[in-house]
Amino acid sequence: MVFTFLGEKIYCVMLLQVVLVCVSFLGVCGQFENEPVTSSFDVEAVQGGVAKLPCDIEPSIPGDKMHIVIWFKDGENRKTPIYSFDSRDKSLEQGKHWADESVLGGRGYFRYQDKPAKLTLETVKDSDGGIYHCRVDFKQTPTRNIKVNLTIIIPPEKLSVLDETGVHIPDYILGPYNEGSSINITCVATGGRPPPKVTWWQENALLDDSFEYLSERRVRNILHIDRLERKHLHTVFTCQASNNNLVAPISSSVTLDINLRPLWVRLLGDNKPLSAEQTYELSCEVVGSRPEPTITWWKGSTQMKNTRETTSPDRNTTTSVLTFVPTVEDGGKYLSCRGQQPHIHDSGKEDGWKLDIHHVPLVSLELGSTLNGSTIKEGVDVYFECNIKSNPWVYKVSWRHNGKQLYNNIQTNTIVSNQSLVLQSITRARTGLYTCVGHNQEGDGESNPVQLDVKFIPNCRPGQPKVFGVARHEVARIVCELEGNPSDIVFVWKFNNSADMIDIPQSQIQTEKGRSVALYKPMNELDYGTLLCWGKNEIGMQKEPCMFYINPAGKPDALSNCSIVNQTSDSLNVECSEGFDGGLKQEFIMEVFDTATRKLVSNVSSRTPLFAVSGLESGAGFDIGLYAANKKGRSQVSRLQAFTLKAAEKHTASTPVLFQITPLLGALIGVVAALILIAIIIVVVIRLRGGGDRDDKEYDDGGLATTGRRCVAGNSDKASTEPLNKDLNDSVDSLEEKNPDIIPQNNAEDEYQDEERAFERLNNTTMRVYNRMQSPNSQLKNNGSYEGYSAKMNDEITYAELSIANQQMPQVIYNQQCIPMSVIRRQEPTVYAQIDVKRMPTHTLQAMATPRPSSFQTLHHPHLPPYMPRSVRDDGSVSSETPLLNSRDTGALQSLMDINSSRTPTITSTLPRTVTATRF
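These numbers come from a predicted model, not from an experiment.

Enquirer: I tried to follow the overall build of the protein chain on my own but got confused; where do I start?
Expert: The helix and strand inventory of the protein chain stands at 9 helices and 59 strands. Counting over 920 residues, the protein chain shows a buried share of 41%. Counted over contacts in the protein chain with a minimum sequence separation of 6, partners at least 24 positions apart contribute 67%. Accessible area for the protein chain stands at about 51700 Å²; split by element, carbon and sulfur atoms hold 50% of it.

Enquirer: It is not clear to me how the side chain of Thr199 should be interpreted in this structure. Could you clarify?
Expert: With respect to the secondary-structure elements, Thr199 resides in strand S13 (residues 197-202). Discounting residues that sit within four places of it in the chain, Thr199 has contacts with Leu206, Asp208, Asp209, Asn221, Thr238, Cys239 and Gln240.

Enquirer: Can you walk me through the sheet that holds strand S6 (residues 108-111) in this structure?
Expert: Backbone-to-backbone hydrogen bonds join strands into a sheet, with any given pair of strands oriented parallel or antiparallel. Across the sheet, which stays open at both edges, the 3 strands sit in the order S2-S7-S6 with antiparallel pairing between neighbours. Each end of this open sheet is capped by a strand with a single partner; those strands are strand S2 (50-55) and S6. On average, each strand axis in the sheet is inclined to that of its neighbour by 20°, with strand direction left out of account. The sheet contact formed by S2 and strand S7 (residues 117-122) spans 6 bridges and is antiparallel. Residue pairing in the sheet places Leu53 in a bridge with Leu119 of S7.

Enquirer: I keep staring at the sheet that holds strand S43 (residues 515-520) and nothing clicks. Help me out?
Expert: In space, the 4 strands of this open sheet follow the order S37-S39-S43-S42, with antiparallel pairing throughout. Since the sheet does not close on itself, it has two edges, and those belong to strand S37 (456-460) and strand S42 (509-512), each with one partner. Strand after strand, the sheet turns through a mean of 20° between neighbouring axes, direction not considered. Relative to S43, S42 is paired through 4 bridges, and the arrangement is antiparallel. When the sheet's bridge partners are listed, Ile509 is paired in S43 with Ala518.

Enquirer: Can you help me understand the side chain of Glu591 in this one?
Expert: By the secondary structure assignment, Glu591 is in strand S48 (residues 587-594). Lacking a salt bridge, the buried Glu591 has Arg634 as its closest oppositely charged neighbour, with an N-O distance of 4.8 Å. At 3.2 Å, the side chain of Glu591 and the side chain of Tyr627 are in polar contact. What Glu591 contacts, discounting residues up to four positions off in sequence, is Leu600, Ser602, Asn603, Asp623, Ile624, Gly625 and Tyr627.

Enquirer: Sorry if this is basic, but what is going on with a nonpolar patch on the surface here?
Expert: Together, Val672, Ile676, Ile680, Val684 and Leu688 make up a nonpolar patch on the protein surface, roughly 490 Å² of accessible area in all. With respect to the element layout, Val684 can be found in helix H5 (residues 663-689). Residue classification places Val684 among the partly exposed residues on the basis of a relative accessible area of 43%.

Enquirer: I'm lost on the nonpolar core in this one. Help?
Expert: Generally speaking, nonpolar side chains in soluble globular proteins are found buried as a group. Within the largest apolar cluster, 28 residues are counted, with the highest numbers of intra-cluster contacts made by Leu53, Ile57, Val69, Trp71, Phe110, Leu121 and Leu150. The set of elements that each furnish at least two residues to this core consists of strand S1 (39-46), S2, strand S3 (66-74), strand S4 (79-86), S7, strand S8 (130-138) and strand S9 (144-153). Counting residues in hydrophobic clusters, the runner-up holds 22 residues, among them Ile185, Cys187, Leu228 and Ala241.

Enquirer: Help me out: how do you make sense of the state of the cysteines in this one?
Expert: Two cysteines joined by a covalent bond between their sulfur atoms form a disulfide. Taken as a whole, this structure holds 7 disulfides when the rule is applied. Between the sulfur atoms of Cys562 and its disulfide mate Cys576 the distance is 2.1 Å. One disulfide, between Cys562 and Cys576, carries an S-S torsion of 120° and so falls in the right-handed class. Here the residue Cys562 occupies a position in strand S46 (residues 560-567), and Cys576 occupies one in strand S47 (residues 571-577), the gap between them amounting to 14 residues.

Enquirer: Help me understand the confidence of the model for the protein chain, please; the structure alone is not making it clear to me.
Expert: A low pLDDT means the predicted coordinates there should not be read in detail. Scored by pLDDT, the protein chain comes out at a mean of 75, with 69% of its residues at no less than 70. Of the regions scoring below 50 in pLDDT, residues 1-32 engages in 25 contacts with residues more than four places distant in sequence or in other chains.

Enquirer: What am I meant to see in the packing of aromatic side chains here?
Expert: Aromatic ring pairs are defined here through the distance separating the ring centres and the angle between the ring planes. In this structure the tally under the stated criterion is 7 aromatic pairs. When the ring of Phe468 is compared with that of Phe548, the centres are 6.2 Å apart and the planes differ by 55°; the resulting orientation is tilted. Taken together, the positions of Phe468 in strand S38 (residues 467-470) and Phe548 in strand S45 (residues 546-552) put the pair 80 residues apart, joining distant regions of the chain. The class of Phe548 is buried, set by a relative accessible area of 0%.

Enquirer: I would appreciate a short explanation of the pattern of salt bridges in the present structure.
Expert: Two side chains of opposite charge can pair, provided their charged atoms sit close to one another. With the rule as written, the count across this model stands at 25 salt bridges. Note that Glu157 and Arg217 form a salt bridge whose closest N and O atoms lie 2.5 Å from each other. Of the two residues, Glu157 sits in the loop between S9 and strand S10 (158-162) while Arg217 sits in the loop between strand S15 (212-213) and strand S16 (218-225), which places them 60 residues apart along the sequence. Residue classification places Glu157 among the exposed positions, given a relative accessible area of 52%. Through salt bridges with shared partners, one network takes in Arg461, Glu481, Glu483 and Arg515.

Enquirer: Sorry, what's going on with the pairing of strand S28 (residues 357-367) here?
Expert: Sheet analysis places strand S20 (residues 274-275) next to S28, joined by 2 bridges and oriented parallel. Bridge assignment links Ser275 to a residue of S28, and that residue is His358.

Enquirer: Just checking my understanding: could you explain H5 for this structure?
Expert: Along an α-helix, residues three or four positions apart point the same way, because every turn accommodates 3.6 residues. Taking 1.5 Å of rise per residue, 27 residues should cover 39 Å, and H5 covers 39 Å from first to last C-alpha, within 8% of that figure. Looking only at H5, the buried set comprises Ile678, Ile682, Val685 and Ile686.

Enquirer: Looking at this structure, I do not really get the environment of Leu526. What am I missing?
Expert: Here Leu526 is to be found in the loop between S43 and strand S44 (530-536). Counting along the chain gives 28 residues from Leu526 to Ser498, while the straight-line C-alpha distance between them is 8.2 Å. When sequence neighbours within four positions are dropped, the list of residues in contact with Leu526 reads Phe495 and Asn497.

Enquirer: I'm lost on unusual backbone geometry in this one. Help?
Expert: Trans peptide bonds make up the majority, and among non-glycine residues the majority have a negative phi. The omega angle of the peptide bond from Lys115 to Pro116 is -10°, so this bond is cis rather than trans. One can find Pro116 in the loop between S6 and S7. Residue Pro291 is bonded to the preceding Arg290 through a cis peptide linkage, with omega at -5°. A positive phi angle is found at His234, which is not glycine, with a value near 65°. On the secondary structure map, His234 appears in the loop between S16 and strand S17 (236-242). Backbone geometry at Arg598 places phi at a positive 60°, although glycine is not the residue there. Within the fold, Arg598 resides in the loop between S48 and strand S49 (600-606).

Enquirer: What is the right way to look at the environment of Lys79 in this model?
Expert: Within the element layout of this structure, Lys79 appears in strand S4. Measuring from C-alpha to C-alpha, the distance between Lys79 and Ile131 comes to 9.7 Å, with 52 residues separating the pair along the chain.

Analysis parameters
Residues numbered from 1 in each chain as written. Predicted model: local features only at pLDDT ≥ 70, side-chain atom pairs only at ≥ 80, totals over all residues. Heavy atoms only, no water. Helix = DSSP H or I, 4+ residues; strand = E, 2+ residues; numbered from the N terminus. Buried < 20%, exposed > 50% of the residue type's maximum accessible area, 1.4 Å probe, protein only. Contact = heavy atoms within 4.5 Å. Areas by Shrake-Rupley, 256 points an atom, 1.4 Å probe, with all protein chains shown as cover. Pairing = 2+ DSSP bridges. Axes fitted to C-alpha atoms, helices over the stretch in contact; angles between N-to-C directions. Lys, Arg positive; Asp, Glu negative; His and termini not counted. Salt bridge = Lys/Arg side-chain N within 4 Å of Asp/Glu carboxyl O. Polar contact = N/O pair within 3.5 Å; in protein donor to acceptor, adjacent residues only side chain to side chain. Patch = residues over 30% accessible without salt bridge, like charges linked within 9 Å, V, L, I, M, F, W, Y side chains within 5 Å. Core = buried A, V, L, I, M, F, W, Y, C linked by side-chain atoms within 4.5 Å. Disulfide = S-S within 2.5 Å. pLDDT = per-residue confidence, 0-100. Phe/Tyr/Trp six-rings, centres within 6.5 Å; stacked < 30°, edge-to-face > 60°. Expected span 1.5 Å × (residues − 1).

Below you can see the structure in the form of structure tokens.
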């Protein structure tokens, strides 16, 4: 038979093969149903998966061999072969596979190598389910029939997670629910055979497996959570639906979102006192709220507004900052911070402080309750009361009068008693503003000022002109000014002379409150005298009148104390003191004349005795005349001589210098330099003489040692042990310490002060003079002249020492005679003078040569400093730093001439020498 279609050809070929197989197996197709089943299997397969149908092909007898395997499927009242494997006359590897493509469609394959062998069906369908038979024919053993029941499982199609309202959860985010609430989550599985199991899981933990069947295709499970806690936040709940163990169950997960109430609210920092009117930033922290909480600040029942908020990156902490300026009234109030989750009712928490506000004292002042401020008179007692509100409390209360501090002083009738001020027997000087001030750590609080108005009777205002020079028939305006409180004053004028007292007519008086002007015109001599002015106010009548002396007008007095206060190269400034103006208004005149030409170069007038003239010739001298003038004439002329600076001096003065030596500074520098030079010379001389023939220990310093302890008699080496001063050092015996020429090493400032005091005493006290003459080889001749006078004048120096007498000092013996200690006191300076004997009169030298009894003996000092020459002036005058004795002072020089008989000094000189004096 020929077929027109390819499909029909294939079908015919397959059918032919089956017929041939059946015929070859002795009509097996008709006899298969009656053969017994050797074994049976139940196999499950998931739709779309792989089904493996087992069939044991292992021979039961060794050496036997499987020939052919045929698979049948139960159909409509018959069994139809669907697959065969033929290995007859060949090995298994070469066996021939056949499959019914109409049933299997290329999805089946027999795997003979498996143990047991299996027929695998891929991508199984629901129609693949049923009873399968496997027939195995062996070479020797009987045929084996195996029954396989294949069940096709259909998985659930989908899962739906619904909220309490039955609405599908969007984005798989469940909620948000409020903390503490209860929820139900529904999971519904649709489809599947057999019906699936629906369960709830949290991670790997099974929460709920109590599912229920709604219909053939729907299964539901409701998860119930009784009370949501903070731990449930972001919890993932998974719903699973499964009806087999072959494939993974289908699942759906949702994440739980929860609104959380705050864990705590806390004010940050310590509750410390706050200062009023200062700006503070207070921070409040709210932790654990989700989403961000609402934070409010409260002061008592008043909500604060000036706040700002920040949130931490993890959204767990929210901080609110309040900018707070406390006031005094805030003290004791409760300041709180409240944090609340707005989605959760009654979730608020708060924290707060009781405010302690420090502030500057609030002070109010009032006059004593029993006093009437409008009727206070001089002589009464007044007190004030100071009311204070302060935190912390004041540590001091002070009082002020017109801004000046008041102190407790009984002598001035001022009593300060903490918060009270008492003023006893007040005077008009007490008038003014009073305040009290409270002091605490925050500052000073001053009260309101209270005006104390002290009423008093009129008195003359000080500083008024008292003397008026008035000419006859001249009208004089006499002004009388009175001070009184109240200031409405009634004036009374009277004229008093040596004969009578006369009232001044009111027509000649002009009055305005505390000022009255009397127009007075003297006509004759009796009209000159005294005008008296009284005043009266509501307090009383003035006790002593104001007196104005009406004198005949005259010339003014001359200027006095005129001096030049400034002079430059072209200007002069002159200042004088004015005298009596003669009873009339005066002016002042300065006339400047050139000294060389006697010409008037400037004329200056002024209302005050201060004059300035400029445009003068530089480096010139001037004669200045100064006088006062009024209507009656001019005063006597006061004269001055002045000069202007040279132009070069001006130029030098205008040149900027870094350091300018003033005369005072130059004098100080000169004194310091001289002292330093003298000290150096003395030290050098003492060092050079220190190695001389005479032993320092045997040296008799004549009692001039600074210790003041020794009084040497004659040439004896033993010193008196009687101390002159118990406070002096007993161990100072060296020559340098005994030498009065050495500058004591005292403090420079103390030394300078001692020196100045010594010179002051020198100028104010009678001076005693004694001489030291260093001439061990000279002898005094009988005729009063000195031997070797003309030959040794250049070698010998005569010194005179001036010393202030001190009657309180003990005496020291020199050469068996005692000299007052005032001559040799160690703290006061010794003044030496070199005497130019050539210029002394002959009778003076003769007087000096004649020994006369005196309490001062000649002091021979071998360690005096060498002579320091100074320049001799052309006129042969003497230069000295201290006053020298002249020819008239021979009486004073008499004490210098007490010369020891064993050591007669010789004064020799051939050239005039300049006398010098040096202070130590």
